[in-house]
Amino acid sequence: MCYRSDKEKSMYSEFERRQLPAHFRALASPTRLRMLERLTEGELSVKELAAALRMSQPRVSWHLALLRRGGVIRTRKQGRQVHCSVDMEGIRRHQLALWELLNEKRTIGVRV
């Protein structure tokens, strides 16, 4: 059986406490899921995304900020425009962290 040191436990709980909730909060809105669906087709500017979803640019930017904080999308600036794309590596990292959390609880006998 593998035990984590106190330092590893605190690092993992810090990650769990800050990253996983933000990730799932980012995915908890139908609007943000629609945005994510559009972004899977390819990179879009905030202006293009706002037009495609028929939403105001400030509202789109607000939702994109939550997706970025949750590790779901990446943004890059080109002049005054901000372009967004799906961060598949970030999504995989959070998925793996969730599975590690669930498997760790199962290993020590906690019902999940």
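In this text the structure is predicted, and so the values were computed from the model without any measurement. (Residues numbered from 1 in each chain as written. Predicted model: local features only at pLDDT ≥ 70, side-chain atom pairs only at ≥ 80, totals over all residues. Heavy atoms only, no water.)

Membership of the largest hydrophobic core comes to 17 residues, with the highest contact counts inside it found for Met 35, Leu 39, Leu 49, Val 60, Leu 64, Leu 67 and Ile 73. At the level of elements, α2 (30-39), α3 (46-53), α4 (57-69) and β3 (81-86) are the ones that each hand at least two residues to this core. Per-element accounting of this core gives the leading share, four residues, to α3. Beyond its immediate chain neighbours, meaning those up to four positions away, Leu 64 contacts Met 35, Leu 39, Val 46, Leu 49, Ile 73 and Cys 84. (Core = buried A, V, L, I, M, F, W, Y, C linked by side-chain atoms within 4.5 Å. Buried < 20%, exposed > 50% of the residue type's maximum accessible area, 1.4 Å probe, protein only. Helix = DSSP H or I, 4+ residues; strand = E, 2+ residues; numbered from the N terminus. Contact = heavy atoms within 4.5 Å.)

As enumerated under the stated definition, the model contains zero aromatic pairs in all. For the cation-ring pair, Arg 59 lies above Trp 62, with the distance from its terminal atom to the ring centre recorded as 4.8 Å. (Phe/Tyr/Trp six-rings, centres within 6.5 Å; stacked < 30°, edge-to-face > 60°. Lys NZ or Arg CZ within 6 Å of the ring centre and 35° of its normal.)

Okay, the confidence of the model for the chain next. Of the residues in the chain, 76% have a pLDDT of 70 or more, and the chain-wide mean is 84. Taken element by element, the chain is modelled with least confidence in helix α1 (residues 6-26), mean pLDDT 67, and with most confidence in α3, mean pLDDT 97. Long-range and interchain partners of residues 1-7, a stretch whose pLDDT sits below 50, account for five contacts in this model, where long-range means more than four residues apart. (pLDDT = per-residue confidence, 0-100.)

What sets the pattern is the α-helix's 3.6 residues per turn: residues three or four places apart point alike. Those residues of α3 that fall on the buried side of the exposure criterion are Val 46, Leu 49, Ala 50 and Leu 53. Take α3 and look down its axis: the buried residues cluster within an arc of 100°, on one side only. Facing away from the buried side of α3, by more than 90 degrees, are the exposed residues Lys 47 and Ala 51. Where α3 is buried, its residues meet α2, β1 (44-45), α4 and β3. Positive backbone phi, approximately 55°, marks Arg 54, located one or two places after α3. (Arc of directions from axis to C-beta.)

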